[in-house]
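Overview (structure and organization)
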Amino acid sequence: MNSTSTEERSTNSAPVRFSRPRTEINVLLLEGIHQSAADTLLEAGYSQVVQRDGALPEAEILQAVRDTHYLGIRSRTQVTERVLDASPQLRAICCYCIGTNQVDLVAARARGIPVFNAPFSNTRSVAELVLAEAILLLRDIPRKSALAHQGQWMKSATGAFEVRGKSLGIVGYGHIGTQVGLLAEALGMRVFFYDIETKLALGNATPVRSLAALLHTADVVTLHVPESPDTRNMMGHGAFAKMKHGAAFINASRGTVVDIGALVEALQEGRLRGAAVDVFPEEPKSNQDEFISPLRGLDNVLLTPHVGGSTQEAQQSIGVEVAEKLIKYDGNGSSVSAVNFPQVSLPPHAGTYRLLHIHQNQPGVLAALNAVFSQSGVNISGQYLQTDDQIGYVVIDFEAADGFDAERLEQLKHVDGTLRARILNP
Ligand code: NAI
(Lines give C-alpha, C1' and ligand atoms only; values in the text may rest on other atoms or scores of the structure.)
Protein backbone atom coordinates (compact mmCIF):
# COMPACT_ATOMS: atom_id res chain seq x y z
CA MET A 1 0.00 0.00 0.00
CA ASN A 2 1.58 3.32 -1.04
CA SER A 3 0.90 6.22 1.22
CA THR A 4 0.60 9.86 0.15
CA SER A 5 0.71 12.89 2.42
CA THR A 6 -2.97 12.93 3.25
CA GLU A 7 -4.43 9.60 2.27
CA GLU A 8 -3.57 6.06 1.42
CA ARG A 9 -4.23 4.52 -1.97
CA SER A 10 -6.03 1.24 -2.41
CA THR A 11 -4.82 -1.99 -3.85
CA ASN A 12 -7.23 -3.93 -6.06
CA SER A 13 -8.49 -6.16 -3.29
CA ALA A 14 -8.19 -4.19 -0.02
CA PRO A 15 -10.84 -1.63 0.94
CA VAL A 16 -9.74 1.96 0.34
CA ARG A 17 -8.19 3.51 3.43
CA PHE A 18 -8.17 7.26 3.18
CA SER A 19 -7.37 8.62 6.60
CA ARG A 20 -4.01 8.52 8.29
CA PRO A 21 -3.85 6.19 11.26
CA ARG A 22 -3.71 7.96 14.61
CA THR A 23 -0.18 6.70 15.06
CA GLU A 24 0.87 8.96 12.16
CA ILE A 25 -0.84 12.14 13.34
CA ASN A 26 1.65 14.67 14.72
CA VAL A 27 0.47 16.60 17.75
CA LEU A 28 2.63 19.39 19.18
CA LEU A 29 1.76 20.63 22.68
CA LEU A 30 3.56 23.81 23.77
CA GLU A 31 3.67 25.90 26.95
CA GLY A 32 3.61 23.07 29.48
CA ILE A 33 0.02 22.05 28.76
CA HIS A 34 -1.28 19.83 31.56
CA GLN A 35 -0.29 16.16 31.26
CA SER A 36 -3.99 15.25 31.10
CA ALA A 37 -4.01 16.43 27.47
CA ALA A 38 -1.20 14.12 26.37
CA ASP A 39 -2.64 11.26 28.42
CA THR A 40 -6.05 11.67 26.78
CA LEU A 41 -4.47 11.67 23.32
CA LEU A 42 -2.17 8.72 24.01
CA GLU A 43 -5.06 6.70 25.40
CA ALA A 44 -7.00 7.40 22.21
CA GLY A 45 -4.12 6.04 20.13
CA TYR A 46 -2.32 9.26 19.11
CA SER A 47 1.24 8.18 19.73
CA GLN A 48 3.07 11.09 18.06
CA VAL A 49 2.54 13.65 20.82
CA VAL A 50 5.44 16.04 21.40
CA GLN A 51 5.34 18.12 24.60
CA ARG A 52 7.37 21.30 25.10
CA ASP A 53 7.54 23.41 28.24
CA GLY A 54 7.63 27.01 27.11
CA ALA A 55 6.25 29.16 24.34
CA LEU A 56 8.52 29.26 21.28
CA PRO A 57 9.72 32.40 19.52
CA GLU A 58 8.29 32.72 16.02
CA ALA A 59 11.47 31.53 14.28
CA GLU A 60 11.41 28.27 16.24
CA ILE A 61 7.69 27.77 15.83
CA LEU A 62 8.02 28.09 12.07
CA GLN A 63 10.37 25.11 12.19
CA ALA A 64 8.43 23.13 14.76
CA VAL A 65 5.05 23.20 13.00
CA ARG A 66 6.19 22.03 9.56
CA ASP A 67 4.73 18.54 9.94
CA THR A 68 2.24 19.26 12.71
CA HIS A 69 -1.38 18.23 12.27
CA TYR A 70 -2.63 19.58 15.59
CA LEU A 71 -1.00 22.45 17.47
CA GLY A 72 -1.74 22.85 21.18
CA ILE A 73 -0.96 26.20 22.81
CA ARG A 74 -1.88 28.31 25.79
CA SER A 75 -2.00 32.10 25.87
CA ARG A 76 1.62 33.00 25.09
CA THR A 77 2.15 31.42 21.67
CA GLN A 78 1.31 33.80 18.86
CA VAL A 79 -0.15 31.89 15.92
CA THR A 80 0.32 34.40 13.14
CA GLU A 81 -0.36 34.12 9.43
CA ARG A 82 3.34 33.23 8.98
CA VAL A 83 2.97 30.31 11.38
CA LEU A 84 -0.13 29.13 9.51
CA ASP A 85 1.68 29.34 6.20
CA ALA A 86 4.56 27.32 7.64
CA SER A 87 2.29 24.43 8.62
CA PRO A 88 0.61 23.02 5.52
CA GLN A 89 -0.58 19.89 7.35
CA LEU A 90 -2.24 21.78 10.19
CA ARG A 91 -5.81 20.56 10.75
CA ALA A 92 -6.76 22.48 13.90
CA ILE A 93 -5.36 24.75 16.59
CA CYS A 94 -6.18 23.78 20.14
CA CYS A 95 -6.01 26.54 22.75
CA TYR A 96 -5.69 24.92 26.16
CA CYS A 97 -7.06 28.05 27.80
CA ILE A 98 -10.07 30.36 27.54
CA GLY A 99 -8.85 33.21 25.34
CA THR A 100 -8.12 32.80 21.63
CA ASN A 101 -6.87 36.26 20.66
CA GLN A 102 -3.29 34.93 20.46
CA VAL A 103 -4.37 33.19 17.24
CA ASP A 104 -5.07 35.00 13.99
CA LEU A 105 -8.59 33.59 13.86
CA VAL A 106 -9.48 35.16 10.53
CA ALA A 107 -6.37 33.83 8.80
CA ALA A 108 -6.96 30.38 10.30
CA ARG A 109 -10.55 30.33 9.10
CA ALA A 110 -9.53 31.45 5.63
CA ARG A 111 -7.31 28.35 5.50
CA GLY A 112 -10.06 26.06 6.78
CA ILE A 113 -8.46 25.58 10.20
CA PRO A 114 -10.80 25.52 13.19
CA VAL A 115 -9.64 26.85 16.55
CA PHE A 116 -10.83 25.17 19.74
CA ASN A 117 -10.60 26.34 23.34
CA ALA A 118 -11.94 25.44 26.78
CA PRO A 119 -14.47 28.03 27.78
CA PHE A 120 -16.00 26.24 30.78
CA SER A 121 -13.35 24.08 32.38
CA ASN A 122 -12.52 26.66 35.04
CA THR A 123 -16.07 27.72 35.82
CA ARG A 124 -16.18 25.92 39.15
CA SER A 125 -12.83 27.35 40.23
CA VAL A 126 -14.07 30.91 39.72
CA ALA A 127 -17.31 30.16 41.55
CA GLU A 128 -15.49 28.74 44.58
CA LEU A 129 -13.22 31.78 44.85
CA VAL A 130 -16.18 34.15 44.63
CA LEU A 131 -17.98 32.34 47.39
CA ALA A 132 -14.92 32.40 49.63
CA GLU A 133 -14.57 36.12 48.99
CA ALA A 134 -18.22 36.74 49.88
CA ILE A 135 -17.61 35.07 53.24
CA LEU A 136 -14.36 36.95 53.90
CA LEU A 137 -15.87 40.32 52.98
CA LEU A 138 -18.95 39.93 55.17
CA ARG A 139 -16.63 39.08 58.09
CA ASP A 140 -14.39 42.09 57.31
CA ILE A 141 -11.43 39.73 57.12
CA PRO A 142 -9.32 41.69 54.58
CA ARG A 143 -9.09 44.65 56.98
CA LYS A 144 -8.58 42.46 60.07
CA SER A 145 -5.83 40.54 58.32
CA ALA A 146 -4.11 43.72 57.11
CA LEU A 147 -4.17 45.16 60.65
CA ALA A 148 -2.85 41.93 62.18
CA HIS A 149 0.08 42.09 59.73
CA GLN A 150 0.84 45.52 61.18
CA GLY A 151 0.64 44.18 64.75
CA GLN A 152 -2.90 45.40 65.50
CA TRP A 153 -5.40 43.08 67.21
CA MET A 154 -8.90 43.84 65.96
CA LYS A 155 -10.87 41.22 67.87
CA SER A 156 -14.43 42.38 67.42
CA ALA A 157 -17.77 41.11 66.16
CA THR A 158 -18.87 44.57 65.09
CA GLY A 159 -19.68 44.63 61.39
CA ALA A 160 -19.02 40.90 61.00
CA PHE A 161 -21.84 38.79 59.54
CA GLU A 162 -22.56 35.25 58.45
CA VAL A 163 -23.48 34.85 54.78
CA ARG A 164 -26.43 32.67 55.80
CA GLY A 165 -29.66 34.55 55.10
CA LYS A 166 -27.91 37.41 53.25
CA SER A 167 -28.78 38.27 49.68
CA LEU A 168 -26.38 37.65 46.83
CA GLY A 169 -26.89 39.65 43.63
CA ILE A 170 -25.41 38.01 40.56
CA VAL A 171 -24.93 40.15 37.46
CA GLY A 172 -24.66 37.82 34.46
CA TYR A 173 -26.30 34.46 35.10
CA GLY A 174 -24.26 32.34 32.69
CA HIS A 175 -21.96 29.43 33.39
CA ILE A 176 -20.15 31.00 36.32
CA GLY A 177 -23.07 33.01 37.65
CA THR A 178 -25.30 29.93 37.92
CA GLN A 179 -22.57 27.94 39.71
CA VAL A 180 -22.03 30.79 42.16
CA GLY A 181 -25.77 30.85 42.80
CA LEU A 182 -25.98 27.13 43.52
CA LEU A 183 -22.99 27.18 45.89
CA ALA A 184 -24.32 30.27 47.67
CA GLU A 185 -27.70 28.64 48.24
CA ALA A 186 -25.97 25.68 49.83
CA LEU A 187 -24.63 28.16 52.42
CA GLY A 188 -28.11 29.57 53.00
CA MET A 189 -27.80 32.77 50.95
CA ARG A 190 -30.79 34.20 49.13
CA VAL A 191 -29.82 34.41 45.47
CA PHE A 192 -30.99 37.04 42.98
CA PHE A 193 -29.72 37.55 39.48
CA TYR A 194 -29.90 40.00 36.62
CA ASP A 195 -29.18 38.97 33.04
CA ILE A 196 -30.01 40.59 29.71
CA GLU A 197 -31.27 37.22 28.52
CA THR A 198 -34.16 35.29 30.03
CA LYS A 199 -32.50 32.50 31.99
CA LEU A 200 -33.74 29.40 33.71
CA ALA A 201 -33.36 30.05 37.43
CA LEU A 202 -31.56 27.20 39.18
CA GLY A 203 -32.48 26.18 42.71
CA ASN A 204 -34.43 28.97 44.37
CA ALA A 205 -32.68 31.82 42.58
CA THR A 206 -34.89 34.78 41.72
CA PRO A 207 -34.54 36.79 38.52
CA VAL A 208 -34.61 40.56 38.94
CA ARG A 209 -35.84 42.86 36.19
CA SER A 210 -33.13 45.50 36.23
CA LEU A 211 -29.55 45.99 37.32
CA ALA A 212 -30.67 48.90 39.49
CA ALA A 213 -33.17 46.72 41.35
CA LEU A 214 -30.51 44.11 41.98
CA LEU A 215 -27.99 46.67 43.25
CA HIS A 216 -30.60 48.15 45.62
CA THR A 217 -31.25 44.88 47.43
CA ALA A 218 -28.06 42.78 47.44
CA ASP A 219 -25.73 42.46 50.44
CA VAL A 220 -23.09 41.12 48.09
CA VAL A 221 -22.92 41.99 44.37
CA THR A 222 -20.83 39.79 42.10
CA LEU A 223 -20.19 40.36 38.39
CA HIS A 224 -20.11 37.52 35.85
CA VAL A 225 -20.68 39.27 32.55
CA PRO A 226 -18.51 39.12 29.41
CA GLU A 227 -16.38 41.98 28.17
CA SER A 228 -18.41 43.88 25.59
CA PRO A 229 -19.20 47.47 24.61
CA ASP A 230 -22.42 47.00 26.58
CA THR A 231 -20.69 45.95 29.81
CA ARG A 232 -17.84 48.47 29.62
CA ASN A 233 -17.87 50.49 32.86
CA MET A 234 -21.29 49.09 33.71
CA MET A 235 -20.27 49.61 37.34
CA GLY A 236 -19.54 53.35 37.49
CA HIS A 237 -20.43 56.16 39.93
CA GLY A 238 -24.16 55.82 39.24
CA ALA A 239 -24.21 52.05 39.74
CA PHE A 240 -22.14 52.12 42.96
CA ALA A 241 -24.44 54.82 44.30
CA LYS A 242 -27.36 52.41 43.87
CA MET A 243 -25.75 49.69 45.99
CA LYS A 244 -26.97 49.09 49.52
CA HIS A 245 -24.94 50.95 52.15
CA GLY A 246 -22.38 48.56 53.61
CA ALA A 247 -22.68 46.00 50.80
CA ALA A 248 -19.70 44.07 49.42
CA PHE A 249 -18.62 44.04 45.79
CA ILE A 250 -16.85 41.30 43.83
CA ASN A 251 -15.49 41.37 40.28
CA ALA A 252 -13.93 38.23 38.81
CA SER A 253 -15.27 38.79 35.29
CA ARG A 254 -13.35 41.32 33.21
CA GLY A 255 -11.48 44.44 34.27
CA THR A 256 -13.16 46.78 31.80
CA VAL A 257 -16.55 46.22 33.40
CA VAL A 258 -15.72 48.41 36.41
CA ASP A 259 -14.77 52.07 36.59
CA ILE A 260 -11.98 51.63 39.14
CA GLY A 261 -12.02 55.31 40.13
CA ALA A 262 -15.70 55.04 41.06
CA LEU A 263 -15.05 51.86 43.04
CA VAL A 264 -12.18 53.47 44.95
CA GLU A 265 -14.41 56.41 45.82
CA ALA A 266 -17.24 54.18 47.07
CA LEU A 267 -14.76 52.24 49.22
CA GLN A 268 -12.97 55.30 50.62
CA GLU A 269 -16.27 56.95 51.51
CA GLY A 270 -17.28 53.81 53.38
CA ARG A 271 -20.38 53.26 51.24
CA LEU A 272 -19.11 49.79 50.44
CA ARG A 273 -17.80 47.55 53.23
CA GLY A 274 -15.17 46.09 50.96
CA ALA A 275 -14.41 44.55 47.61
CA ALA A 276 -12.66 41.61 46.04
CA VAL A 277 -11.17 42.23 42.62
CA ASP A 278 -9.48 39.60 40.46
CA VAL A 279 -9.47 41.36 37.08
CA PHE A 280 -8.30 44.82 36.12
CA PRO A 281 -8.58 47.19 33.14
CA GLU A 282 -4.80 46.92 32.80
CA GLU A 283 -2.99 43.85 34.00
CA PRO A 284 0.75 43.16 34.07
CA LYS A 285 1.92 41.25 31.01
CA SER A 286 4.01 38.86 33.09
CA ASN A 287 4.74 37.97 36.71
CA GLN A 288 7.89 40.08 36.46
CA ASP A 289 5.97 43.30 35.73
CA GLU A 290 4.62 45.52 38.49
CA PHE A 291 0.91 45.52 39.24
CA ILE A 292 -0.26 49.11 39.25
CA SER A 293 -3.76 50.00 40.47
CA PRO A 294 -5.47 52.70 42.52
CA LEU A 295 -6.89 49.84 44.60
CA ARG A 296 -3.47 49.03 46.07
CA GLY A 297 -3.18 49.94 49.72
CA LEU A 298 -6.90 49.81 50.54
CA ASP A 299 -7.25 47.54 53.58
CA ASN A 300 -10.82 46.52 52.81
CA VAL A 301 -9.98 45.21 49.35
CA LEU A 302 -8.89 41.68 48.45
CA LEU A 303 -6.69 41.87 45.37
CA THR A 304 -5.89 38.73 43.38
CA PRO A 305 -3.83 38.49 40.17
CA HIS A 306 -6.51 37.17 37.75
CA VAL A 307 -6.43 33.71 39.31
CA GLY A 308 -10.18 33.07 39.50
CA GLY A 309 -9.88 30.14 37.14
CA SER A 310 -6.31 29.15 37.97
CA THR A 311 -6.40 25.82 39.78
CA GLN A 312 -4.84 22.44 39.15
CA GLU A 313 -8.31 20.98 38.65
CA ALA A 314 -9.13 23.57 36.01
CA GLN A 315 -5.84 22.93 34.18
CA GLN A 316 -6.48 19.19 34.34
CA SER A 317 -9.98 19.52 32.99
CA ILE A 318 -8.89 22.00 30.28
CA GLY A 319 -6.36 19.38 29.14
CA VAL A 320 -9.03 16.73 28.80
CA GLU A 321 -11.70 19.02 27.33
CA VAL A 322 -9.55 20.38 24.50
CA ALA A 323 -7.87 17.03 23.76
CA GLU A 324 -11.33 15.49 23.41
CA LYS A 325 -12.33 18.22 20.96
CA LEU A 326 -9.22 17.41 18.92
CA ILE A 327 -10.06 13.69 18.94
CA LYS A 328 -13.64 14.36 17.88
CA TYR A 329 -12.68 16.70 15.08
CA ASP A 330 -9.97 14.39 13.84
CA GLY A 331 -11.91 11.16 14.02
CA ASN A 332 -15.48 12.24 13.49
CA GLY A 333 -15.37 15.74 11.97
CA SER A 334 -17.38 17.39 14.74
CA SER A 335 -16.54 21.09 14.95
CA VAL A 336 -18.81 21.89 17.88
CA SER A 337 -17.53 24.86 19.90
CA ALA A 338 -14.89 25.92 17.35
CA VAL A 339 -14.58 29.68 17.80
CA ASN A 340 -13.90 30.67 14.17
CA PHE A 341 -15.64 28.01 12.17
CA PRO A 342 -19.12 26.71 11.22
CA GLN A 343 -20.22 24.28 13.92
CA VAL A 344 -21.37 20.83 12.90
CA SER A 345 -22.41 18.22 15.46
CA LEU A 346 -22.10 14.78 13.95
CA PRO A 347 -23.32 11.28 14.78
CA PRO A 348 -20.84 8.39 14.54
CA HIS A 349 -20.26 7.08 11.01
CA ALA A 350 -19.87 3.36 11.63
CA GLY A 351 -19.95 1.49 8.35
CA THR A 352 -19.63 4.51 6.08
CA TYR A 353 -16.88 6.71 4.78
CA ARG A 354 -17.13 10.38 5.70
CA LEU A 355 -15.94 13.30 3.59
CA LEU A 356 -15.03 16.48 5.49
CA HIS A 357 -14.99 19.31 2.99
CA ILE A 358 -14.18 22.89 3.89
CA HIS A 359 -14.70 25.47 1.19
CA GLN A 360 -15.27 29.12 0.50
CA ASN A 361 -18.93 29.96 0.87
CA GLN A 362 -19.73 30.38 -2.82
CA PRO A 363 -22.41 29.01 -5.12
CA GLY A 364 -21.93 25.68 -6.88
CA VAL A 365 -19.64 23.84 -4.46
CA LEU A 366 -22.23 21.32 -3.27
CA ALA A 367 -23.43 20.60 -6.78
CA ALA A 368 -19.84 19.98 -7.90
CA LEU A 369 -19.17 17.64 -4.96
CA ASN A 370 -22.38 15.72 -5.57
CA ALA A 371 -21.47 15.35 -9.23
CA VAL A 372 -18.21 13.61 -8.28
CA PHE A 373 -20.16 11.20 -6.10
CA SER A 374 -22.81 10.45 -8.70
CA GLN A 375 -20.17 9.86 -11.38
CA SER A 376 -18.61 7.26 -9.07
CA GLY A 377 -21.89 5.47 -8.41
CA VAL A 378 -21.52 6.09 -4.70
CA ASN A 379 -24.53 6.08 -2.41
CA ILE A 380 -24.65 9.11 -0.07
CA SER A 381 -26.23 8.16 3.24
CA GLY A 382 -25.98 11.45 5.13
CA GLN A 383 -25.11 15.07 4.52
CA TYR A 384 -24.51 17.88 7.00
CA LEU A 385 -23.79 21.46 6.09
CA GLN A 386 -23.05 24.60 8.05
CA THR A 387 -21.84 27.89 6.64
CA ASP A 388 -20.84 31.28 7.90
CA ASP A 389 -20.38 34.39 5.82
CA GLN A 390 -16.94 33.20 4.65
CA ILE A 391 -16.73 29.44 4.59
CA GLY A 392 -18.83 26.32 4.32
CA TYR A 393 -18.25 22.99 6.03
CA VAL A 394 -20.03 20.06 4.46
CA VAL A 395 -19.82 16.52 5.77
CA ILE A 396 -20.93 13.70 3.50
CA ASP A 397 -21.34 10.10 4.65
CA PHE A 398 -21.14 7.58 1.82
CA GLU A 399 -20.88 3.91 1.15
CA ALA A 400 -17.80 2.79 -0.67
CA ALA A 401 -18.16 1.68 -4.26
CA ASP A 402 -15.75 0.30 -6.80
CA GLY A 403 -14.18 3.21 -8.53
CA PHE A 404 -14.17 5.54 -5.57
CA ASP A 405 -10.52 5.85 -4.75
CA ALA A 406 -7.86 8.36 -3.86
CA GLU A 407 -8.18 9.93 -7.30
CA ARG A 408 -11.79 10.78 -6.53
CA LEU A 409 -10.61 12.49 -3.38
CA GLU A 410 -8.26 14.52 -5.53
CA GLN A 411 -11.23 15.51 -7.71
CA LEU A 412 -13.12 16.60 -4.62
CA LYS A 413 -10.12 18.65 -3.54
CA HIS A 414 -10.05 20.36 -6.91
CA VAL A 415 -13.66 21.54 -6.78
CA ASP A 416 -13.52 25.30 -7.18
CA GLY A 417 -13.47 27.03 -3.75
CA THR A 418 -12.09 24.06 -1.82
CA LEU A 419 -9.89 24.96 1.15
CA ARG A 420 -9.36 21.50 2.61
CA ALA A 421 -10.82 18.03 2.26
CA ARG A 422 -10.17 14.67 3.85
CA ILE A 423 -12.02 11.40 4.13
CA LEU A 424 -12.47 9.37 7.28
CA ASN A 425 -12.49 5.59 7.07
CA PRO A 426 -15.52 3.67 8.44
P1 NAI B 1 -21.19 33.17 30.08
O2 NAI B 1 -21.17 33.65 28.68
O3 NAI B 1 -21.56 31.77 30.35
O4 NAI B 1 -22.17 34.12 30.93
C5 NAI B 1 -22.23 35.50 30.79
C6 NAI B 1 -23.65 35.94 31.10
O7 NAI B 1 -23.68 37.37 31.14
C8 NAI B 1 -24.64 35.49 30.04
O9 NAI B 1 -25.74 34.86 30.65
C10 NAI B 1 -25.06 36.80 29.37
O11 NAI B 1 -26.40 36.78 28.89
C12 NAI B 1 -24.89 37.78 30.50
N13 NAI B 1 -24.76 39.18 30.10
C14 NAI B 1 -24.13 39.68 29.01
N15 NAI B 1 -24.20 41.02 29.01
C16 NAI B 1 -24.86 41.36 30.12
C17 NAI B 1 -25.25 42.61 30.68
N18 NAI B 1 -24.97 43.78 30.09
N19 NAI B 1 -25.94 42.61 31.84
C20 NAI B 1 -26.26 41.42 32.45
N21 NAI B 1 -25.93 40.23 31.96
C22 NAI B 1 -25.23 40.19 30.82
O23 NAI B 1 -19.76 33.50 30.68
P24 NAI B 1 -19.04 32.80 31.91
O25 NAI B 1 -18.30 31.60 31.45
O26 NAI B 1 -20.00 32.68 33.01
O27 NAI B 1 -17.93 33.92 32.25
C28 NAI B 1 -18.32 35.16 32.82
C29 NAI B 1 -17.11 36.11 32.88
O30 NAI B 1 -16.09 35.54 33.70
C31 NAI B 1 -16.47 36.40 31.54
O32 NAI B 1 -16.16 37.77 31.48
C33 NAI B 1 -15.18 35.63 31.60
O34 NAI B 1 -14.21 36.24 30.80
C35 NAI B 1 -14.84 35.74 33.06
N36 NAI B 1 -13.90 34.71 33.55
C37 NAI B 1 -12.96 35.09 34.47
C38 NAI B 1 -12.05 34.18 34.95
C39 NAI B 1 -11.04 34.58 35.98
O40 NAI B 1 -9.98 33.96 36.07
N41 NAI B 1 -11.31 35.57 36.79
C42 NAI B 1 -12.02 32.79 34.49
C43 NAI B 1 -13.12 32.47 33.59
C44 NAI B 1 -13.99 33.42 33.13
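Above this text sits the structure in question.
Because the structure is predicted, anything quoted here is derived from the model rather than measured.

Here we come to the nonpolar core. Core analysis: the biggest nonpolar cluster contains 32 residues, and V171, M235, F240, M243, F249, L263 and L295 have the highest contact counts within it. Mapped by element, the contributors of at least two residues to this core are α8 (211-217), β9 (220-223), α9 (237-242), β10 (247-251), α10 (260-268) and β11 (272-277). The element contributing the most residues to this core is α10, with six residues. Within the second largest apolar cluster, 31 residues are counted, among which are Y96, Y329, L346 and I391.

On the basis of which strands lie adjacent, the open sheet formed by seven strands has the order β8-β7-β6-β9-β10-β11-β12 and parallel pairing. Edge positions in the sheet fall to β8 (206-207) and β12 (301-303), since each of these pairs with one other strand and no more. The pairing of strand β7 (residues 190-194) with β8 spans two bridges and is classified as parallel. Looking at β8, one finds that F193 is bridged to P207. Together, β6 (167-171), β7 and β9 form the strand contacts of helix α7 (residues 175-186), whose direction differs from that of β6 by roughly 170 degrees.

Turning our eyes to something else, we now look at the side chain of S376. Following the sequence through the fold, S376 ends up in the loop between α12 (365-375) and β14 (379-387). In terms of polar contacts, S376 uses its side chain to reach the side chain of R408, at 3.3 Å.

Turning next to the pairing of strand β3 (residues 70-73). Regular strands have side chains that alternate between both faces of the sheet. What you see with β3 is no split at all: Y70 and G72 on one side and L71 and I73 on the other are buried throughout. Pairing analysis gives three bridges linking strand β1 (residues 26-29) to β3, with the strands arranged parallel. When the bridges of β3 are listed, L29 appears paired with G72. Two elements, β3 and strand β4 (residues 92-95), share four bridges in a ladder whose sense is parallel. Of the residues in β4, the one forming a bridge with Y70 is A92.

What counts, and at which threshold
Sequence order as written defines the numbering, with residues in each chain counted from 1. In view of the model being predicted, local features appear only for residues whose pLDDT reaches at least 70, and side-chain atom pairs are presented and counted only at 80 or more, with totals across whole chains, interfaces and linings using the full set of residues. Calculation of side-chain values draws on the structure's entire complement of heavy atoms; hydrogens and water are dropped beforehand. Residue types Ala, Val, Leu, Ile, Met, Phe, Trp, Tyr and Cys, when buried and joined through side-chain atoms within 4.5 Å, form a set referred to as a nonpolar core. Only protein chains enter the accessibility calculation, which uses a 1.4 Å probe; a residue is then buried when its area is under 20% of its type maximum, exposed when over 50%, and partly exposed in between. The secondary structure listing takes helices from DSSP runs of H or I that are at least 4 residues long and strands from runs of E that are at least 2 residues long, numbered from the N terminus. Whether two strands pair comes down to DSSP finding at least two bridges between them. Note on contacts: a residue pair is in contact if any heavy atoms of the two residues lie within 4.5 Å. Here an angle of 0 to 180 degrees is reported between the N-to-C directions of two axes, which are lines fitted to C-alpha atoms, with helices fitted over the stretch in contact. Here a polar contact is recorded for every N or O atom pair within 3.5 Å, except that within protein the pair must consist of a potential hydrogen donor and a potential acceptor, and residues adjacent in sequence are included only if both atoms are side-chain atoms.

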